[in-house]
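Overview (structure and organization)
Each chain, written out:
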Amino acid sequence: MKKKKNPWWGNLKDFFLLFLAVFCGFLAENYRESLSNKTIEKEYMLSLVEDLKSDTASLNTYITFKKNKSHLMDSLANMIVSEEKHLLGNQIYFLARQVFNDSPFVYSDGTIQQLKNAGNLRLIKKRLVVEELLKYEKKVIVLHDWDENDTRTKSTFREMGGKVFNSQALNATMDEELNFVVPTTNPELVTDDFQTLNELAFQIHYLSKMCLGNSVRAASLRKDAEDLLELIHEEYELP
């Protein structure tokens, strides 16, 4: 007895049902992946918010420190070339030690490095957030570059300092716990040569303006961090 063949439309129906099952499975998988990506994206944004808050706090400290140091360096430079410098030894030596004091801006880049290294910037669907984040990172690099100039200026001061300061007296302005100590013996400078003193004062004034300039750059960077925080909260409806 011959086997009865299914009509052609029956085969078409079976094919359609199979296609529909595969297509629905594809849609379901895409939906699950989309939900997963959205969850990961939001987790990155929450982490980025914490990094930016940390940056803002660090920048506040940095700005205050740089402004204060600029003022101290101007005072030091003026004292070194003052006609009354012989009476100001305690203050001069104490402030000279401040040249090497620093409070760097510590950039919290953990989240952005994860995003870049894992190729996950593509997960951030809010492209304006990505653009502003990358602009922010570039400004951080600029600030760090200027801080390197600050370091080079301090190196010049270190090279010249031996011609102006008594090494033992300068060393005594820091105790064993690395606290700054004001001398009580009114130590003298080792030279009265105006050209040498003026050259050192020039470097100190330059350092002062570097500090002031970096405080302005840091203030601009802090504003960018605050704006980026606001943008992320708005775009992702974060609390």
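No experiment lies behind these values; they were computed from the predicted model shown.

1. Quick notes on the side chain of S70
Residue position: S70 is located in helix α1 (residues 8–80). Using a relative accessible area of 5% as the deciding quantity, one classes S70 as buried. Apart from residues no more than four positions distant in its own chain, S70 is found in contact with S208, C211 and L212.

2. Here we look at the nonpolar core
Grouped together as the largest cluster of nonpolar side chains are 30 residues, with contacts concentrated most on M45, L52, F105, I124, Y136 and I232. Broken down by secondary-structure element, the contributors of at least two residues to this core are α1, α3 (110–117), α4 (127–161) and α6 (194–236). Every residue in contact with F105, bar those within four places of it in the chain, is listed here: D55, S58, L59, Y62, Y136, V140, L143, H144 and L221. Listed in part, the 24 residues of the second largest apolar core include I80, Y93, F157 and L189.

3. Quick look at the packing of aromatic side chains
Scanning the entire structure with this criterion turns up five aromatic pairs. Note on Y93 and F165: the rings are 5.3 Å apart at their centroids and 80° apart in plane angle, and the pair reads as edge-to-face. Linking Y93 in helix α2 (residues 89–98) with F165 in the loop between α4 and α5 (167–171), this pair joins segments that are 72 residues apart in sequence. Per residue, the accessibility class of Y93 equals that of F165, and both read buried. Relative to F165, the ring of F157 lies with its centre 6.0 Å away and its plane at 45°, an arrangement referred to as tilted. Both residues of the pair, F157 and F165, count as buried.

4. Here's the deal with the confidence of the model for the protein chain
For the protein chain, the mean per-residue pLDDT works out to 86, and 85% of the residues sit at or above 70. Every residue in residues 31–35 is under pLDDT 50, and counting partners more than four places away or in other chains gives zero contacts.

5. Examining unusual backbone geometry
Phi at L178 takes a positive value of approximately 65°, unusual for a residue other than glycine. With respect to the element layout, L178 can be found in the loop between α5 and α6. Among the residues examined, L178 registers a relative accessible area of 61% and is labelled exposed. In this structure, E237 takes a positive phi of about 50° despite not being glycine. Examined against the element boundaries, E237 turns out to sit in the segment after α6. For E237, a relative accessible area of 68% translates into the label exposed.

6. Here's the deal with the pattern of salt bridges
Using the criterion set out here, one finds 12 salt bridges in the structure. Where E132 meets K135, a salt bridge forms, and the shortest distance between an N and an O atom there is 3.5 Å. Here the residue E132 and the residue K135 both occupy positions in helix α4, the gap between them amounting to three residues, near one helical turn. Residue E132 is classed as partly exposed on the basis of its relative accessible area of 29%. Among the residues examined, K135 registers a relative accessible area of 48% and is labelled partly exposed. Across the pair D224 and K139 runs a salt bridge, and its minimum N-O distance is 2.7 Å. Of this pair, D224 sits in helix α6 while K139 sits in helix α4, and the two are 85 residues apart along the sequence. We classify D224 as partly exposed; its relative accessible area is 24%.

Calculation notes
- Residues numbered from 1 in each chain as written.
- Predicted model: local features only at pLDDT ≥ 70, side-chain atom pairs only at ≥ 80, totals over all residues.
- Heavy atoms only, no water.
- Helix = DSSP H or I, 4+ residues; strand = E, 2+ residues; numbered from the N terminus.
- Buried < 20%, exposed > 50% of the residue type's maximum accessible area, 1.4 Å probe, protein only.
- Contact = heavy atoms within 4.5 Å.
- Core = buried A, V, L, I, M, F, W, Y, C linked by side-chain atoms within 4.5 Å.
- Phe/Tyr/Trp six-rings, centres within 6.5 Å; stacked < 30°, edge-to-face > 60°.
- pLDDT = per-residue confidence, 0-100.
- Salt bridge = Lys/Arg side-chain N within 4 Å of Asp/Glu carboxyl O.

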